[in-house]
2 protein chains.
Amino acid sequence: MPTLSLAICGKTRRMKYELYYWPGIQGRGEFVRLTFEDAGAEYVDVARLTRKEGGGVEKLMRLMRGDGALRPFAPPFVKVGDFIVAQTANILHYLAPRLGLAPKDEQQRVYAHQLQLTIADMVVEAHDTHHPIAVGLYYEDQRKEAKARAAHFIEDRLSLFLGYFEDVLERSGGKHFLRSHSYVDLSMFQLLSGLDYAFPNAMARARPKLARLSALQERVAKRPRIAAYLASDRRIPFNESGIFRHYPELDAKPRVGRRG
Amino acid sequence: MPTLSLAICGKTRRMKYELYYWPGIQGRGEFVRLTFEDAGAEYVDVARLTRKEGGGVEKLMRLMRGDGALRPFAPPFVKVGDFIVAQTANILHYLAPRLGLAPKDEQQRVYAHQLQLTIADMVVEAHDTHHPIAVGLYYEDQRKEAKARAAHFIEDRLSLFLGYFEDVLERSGGKHFLRSHSYVDLSMFQLLSGLDYAFPNAMARARPKLARLSALQERVAKRPRIAAYLASDRRIPFNESGIFRHYPELDAKPRVGRRG
């Protein structure tokens, strides 16, 4: 994997990042993975390594339950030297400037973070379509309520959020959310890809009004490092243990041709 | 109201902040209000002013739907000169250093923000106890599902989140979440006060394990500017239109004395 040289205070040093996230799902960790991958940063996905390789879920649990002053509440978190940073949007706000994926201007950075937090809000709502009652229960034990919540999500929330993102993308020139490519574009790619996976029918219906977002999603997928990542086994496939789950009964009905 | 003098780059200037949030509820706006109040900052709660006074909800809606480049997705947002910053945790991350309520050290600021985002996560879950199916439906139309979600919240999530906060508060010395008083302490006061209002029985049961959080909550309430604010009509009472709602059927059963 290529390494990244960072110039900090005149010194150039190689940083090695440790990502801690549940193995087996993309989940919220994927927003961080995409940023590392696009930057060509040297990072280790610790919980996906074996114990012999110095990794494993146990190592993640140890940091989370450990007695360090910076004990995080939940994965993902990233270790940079002795410093641990948690909360997905916070991780990106902290890392992206160091990886060349955030604007230099402070107000633009605040705006980028605001967009990322709005993406995070939509991620919570997408997750809760299949877990409206409790994260501690199986989907099968809250399927009826999931159908009700998913119907409202598809009817009201999907177009509200994506309509907003399409609008602010247009306002910023239509190509990037900020003046140039940034981690927000990567996160939007992930959000849209997840929604495509979970709600293909609903997304097919929404697409005609999302021309700019769709073009951005395609452009991100073709970025050389992202394309290589998506084709690699580092990219975990979407599945029904993650945030974006494809349960056909939660999706909109397929569009049918006109009858008669 | 006292004004705040800010020293930025050697220049001292008075800032006037405009807060935009729904009038009539504390909601997420309250986290911002508490920070302004504790700092003695000069701020205007725009949507609570009349149209004659230059405020009103219309003004909030105009900025949200307007054609500005920084159109926010939802309130609260704060206008500082021409700059608009949205998303509660982002607002605090941006403002608190300017108001003397955030640490100077970058890693400490990142940690403060991480705690604030974890508070925000719990706020979402507290909200969704009364709206598990859709924000667009009345509580009465999702009461059965609300009972199920609230039971899981009280049983699993409340102690998980508050146990975490109690633990990290202890790790940081027990008095403040950071090295000294900060906006995170204020936000924790608000979170605990909201939970007390919504779930008095559940909170009474949880209290014995939350000695440090309880002491922090009391200390914050006694801070002179906060005490004055809480006694003023600027503090909107908790009510059943906000995030923290008291529906007795969603709370734990009251503790009863031992029988026999």
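Structure's up top.
A quick note: this is a predicted structure, and the numbers were derived from the prediction, not measured.

A.B. asks: When you look at the pairing of strand E5 (residues 77–80) of chain B in this model, what are you seeing that I'm missing?
C.D. replies: On a regular strand, each side chain points to the face opposite its neighbour's, so the side chains alternate between the two faces of the sheet. Residues and elements named next belong to chain B. Of the strand pairs in this sheet, strand E3 (residues 17–20) and E5 are connected by three bridges, and their pairing is antiparallel. Bridged to Tyr20 within E5 is Phe77. Here E5 pairs with strand E6 (residues 83–86) via four bridges, running antiparallel. Within E6, the residue paired with Val78 across the bridge is Val85. Once E5 ends, the chain turns through two residues before running back antiparallel as E6, passing Gly81 with a positive phi of about 65 degrees.

A.B. asks: Quick question: what am I supposed to make of the relation of the copies chain B and chain A here?
C.D. replies: The operation linking the two copies of the chain is a rotation about an axis combined with a translation along the axis. Overlaying chain B on chain A yields an RMSD of 0.0 Å, the required transformation being a rotation through 180 degrees with an accompanying axial translation of 0.0 Å. Both copies of the chain, as the preceding transformation shows, are related through a two-fold rotation axis. Measuring from the rotation axis to each C-alpha of chain B, the shortest distance belongs to Pro132 of chain B, at 2.8 Å. Looking at the interface residues of chain B, 100% of them are also at the interface in chain A, so both copies use one shared face.

A.B. asks: Even after reading the chapter, I still don't get the interface of chain B and chain A, so can you show me in this structure?
C.D. replies: How big an interface is tends to be stated in terms of accessible area lost as the parts join. In this complex, chain B contributes 47 residues to the contact, which on the side of chain A involves 47 residues. Carbon and sulfur atoms make up 57% of the surface buried where chain B meets chain A, a total of about 4000 Å² over both sides. Counting the surface chain B buries against chain A, the share from its top three residues, Arg71, Phe73 and Arg171 of chain B, is 18%. Linking chain B with chain A are six salt bridges, by the criterion used here. Arg71 of chain A serves as the salt-bridge partner of Asp167 of chain B, at 2.4 Å between the closest nitrogen and oxygen. Our count for the chain B to chain A interface comes out at 21 residue pairs in polar contact (both at pLDDT 80 or more). Those elements giving two or more residues to the side of chain B that touches chain A turn out to be E6, helix H3 (88–95), helix H4 (106–128) and helix H5 (143–171) of chain B. Take the side of chain B that touches chain A: its biggest share by element is twelve residues, from H5 of chain B. Taken together, the residues of the side of chain B that touches chain A sort by class into 23 nonpolar, eleven polar and 13 charged.

A.B. asks: Sorry, what's going on with the packing of H3 of chain B against H4 of chain B here?
C.D. replies: Describing two packed helices takes the angle between their axes plus the distance from one axis to the other. All names here are of chain B. For the pair H3 and H4, the least separation of the axes is 10 Å and the interaxial angle reads 155 degrees. When the axes of H3 and H4 are compared, the pair comes out roughly antiparallel. Judged by the twist between their axes, the crossing of H3 over H4 is right-handed. Between H3, through Ala89, Asn90, Leu92 and His93, and H4, the contact on the second element is made entirely by Arg109, His113, Gln116 and Leu117. Of the residues belonging to the contact of H3 with H4, the class tally is three nonpolar, four polar and one charged.

A.B. asks: Would you take a moment to explain the nonpolar core for this structure?
C.D. replies: Phe165 and Leu195 of chain A together with Phe165 and Leu195 of chain B are the most contacted members of the largest nonpolar core, which totals 156 residues. Non-local contacts of Phe165 of chain B, meaning those with residues more than four positions away in its chain, are made with Leu115, Thr118, Ile119, Met122, Phe177, Met188, Leu191 and Leu213 of chain B.

A.B. asks: Which parts of the structure should I look at to understand helix H2 (residues 57–65) of chain B?
C.D. replies: Residue and element names in this part refer to chain B. For H2, every residue scored as buried is listed here: Leu60, Met61 and Met64. Seen from one end, H2 has its buried residues packed into an arc of 95 degrees, which puts them on one side. In this structure, the buried side of H2 is in contact with E3 and E5.

A.B. asks: Help me understand the packing of aromatic side chains in this model?
C.D. replies: Two aromatic rings are characterised by how far apart their centres lie and by the angle between their planes. Residue and element names in this part refer to chain A. With the rule as written, the count across this model stands at 24 aromatic pairs over all chains. Consider the rings of Phe153 and Phe199, whose centres lie 5.5 Å apart with planes at 40 degrees: the pair is tilted. Highlighted residues: Phe153 in helix H5 (residues 143–171) and Phe199 in the loop between helix H6 (183–198) and helix H7 (200–206), separated in sequence by 46 residues. Residue classification places Phe199 among the buried residues on the basis of a relative accessible area of 2%.

A.B. asks: Help me understand the pattern of salt bridges, please; the structure alone is not making it clear to me.
C.D. replies: A side chain of one charge can pair with a side chain of the opposite charge if their charged atoms are brought near each other. Inspection of the entire model under this criterion finds 32 salt bridges over all chains. For the salt bridge of Glu125 of chain A with Arg157 of chain A, the shortest nitrogen-to-oxygen distance reads 2.8 Å. Of the two residues, Glu125 of chain A sits in helix H4 (residues 106–128) while Arg157 of chain A sits in helix H5, which places them 32 residues apart along the sequence. This pair shows no difference in class: Glu125 of chain A is buried, exactly as Arg157 of chain A is. Of the charged contacts, one joins Arg143 of chain B and Glu249 of chain B as a salt bridge, the two residues approaching to 3.0 Å between their closest N and O atoms.

A.B. asks: Can you help me understand the environment of Lys222 of chain A in this one?
C.D. replies: Mapped onto the fold, Lys222 of chain A is located in helix H8 (residues 211–222). Counting along the chain gives 64 residues from Lys222 of chain A to Leu158 of chain A, while the straight-line C-alpha distance between them is 25 Å.

A.B. asks: Please clarify how the sheet that holds E3 of chain B should be interpreted in this entry.
C.D. replies: Strands in a sheet are paired, the pairing made by backbone hydrogen bonds, and the direction either parallel or antiparallel. Residue and element names in this part refer to chain B. The four strands lie next to each other as E4-E3-E5-E6, forming an open sheet whose pairing is mixed. In this open sheet, the two edge strands, each paired with only one partner strand, are strand E4 (43–45) and E6. Across the sheet, the mean angle separating the axes of adjacent strands is 20 degrees when strand polarity is ignored. The sheet contacts of H2 involve E3, E5 and E6, and relative to E5 the element is tilted by about 85 degrees.

A.B. asks: Looking at this model, I keep getting lost on helix H8 (residues 211–222) of chain B. Mind explaining?
C.D. replies: Count 3.6 residues to each turn of an α-helix, and residues three or four apart come out pointing the same way. All names here are of chain B. Look at H8: 17 Å from first C-alpha to last across twelve residues, which is about the 16 Å you get at 1.5 Å a residue. Burial in H8 covers these residues: Leu213, Ser214, Leu216, Gln217 and Val220. Relative to the axis of H8, the buried residues are bounded by an arc of 160 degrees and lie together on one face. In H8, the exposed residues that point more than 90 degrees away from the buried face are Glu218 and Lys222.

A.B. asks: I keep staring at the packing of helix H1 (residues 29–39) of chain A against H6 of chain A and nothing clicks. Help me out?
C.D. replies: All names here are of chain A. Following both chains from N to C, one finds H1 and H6 inclined at 130 degrees, their axes separated by 9 Å at the closest point. Judged by the angle between their axes, H1 and H6 are oblique. Our pair here, H1 against H6, has a crossing hand that is right-handed. Here H1 contributes Glu30, Phe31, Leu34, Thr35 and Asp38 to the contact with H6, which in turn contributes Tyr183, Leu186, Ser187, Phe189, Gln190 and Leu191.

A.B. asks: Looking at this structure, how should I read unusual backbone geometry?
C.D. replies: Glycine aside, the phi torsion of most residues is negative, and most peptide linkages are trans. Residue and element names in this part refer to chain A. Look at the link from Pro75 to Pro76: it is a cis peptide, with omega at 0 degrees. Even without being a glycine, Gln87 presents a positive backbone phi close to 75 degrees. Mapped onto the elements of the fold, Gln87 is located in the loop between strand E6 (83–86) and helix H3 (88–95). Its relative accessible area of 17% is what places Gln87 among the buried residues.

How each quantity is defined
Residues numbered from 1 in each chain as written. Chains lettered and ligands numbered in written order. Predicted model: local features only at pLDDT ≥ 70, side-chain atom pairs only at ≥ 80, totals over all residues. Heavy atoms only, no water. Pairing = 2+ DSSP bridges. Helix = DSSP H or I, 4+ residues; strand = E, 2+ residues; numbered from the N terminus. Least-squares fit on C-alpha atoms with pLDDT ≥ 70 in both. Contact = heavy atoms within 4.5 Å. Buried area = accessible area lost by both parts, 1.4 Å probe. Salt bridge = Lys/Arg side-chain N within 4 Å of Asp/Glu carboxyl O. Polar contact = N/O pair within 3.5 Å; in protein donor to acceptor, adjacent residues only side chain to side chain. Nonpolar A, V, L, I, M, F, W, Y, C, P; charged D, E, K, R; others polar. Axes fitted to C-alpha atoms, helices over the stretch in contact; angles between N-to-C directions. Parallel < 35°, antiparallel > 145°, perpendicular 65-115°, else oblique. Left-handed = near helix turned anticlockwise from the far one by under 90°. Core = buried A, V, L, I, M, F, W, Y, C linked by side-chain atoms within 4.5 Å. Buried < 20%, exposed > 50% of the residue type's maximum accessible area, 1.4 Å probe, protein only. Arc of directions from axis to C-beta. Phe/Tyr/Trp six-rings, centres within 6.5 Å; stacked < 30°, edge-to-face > 60°. Expected span 1.5 Å × (residues − 1).

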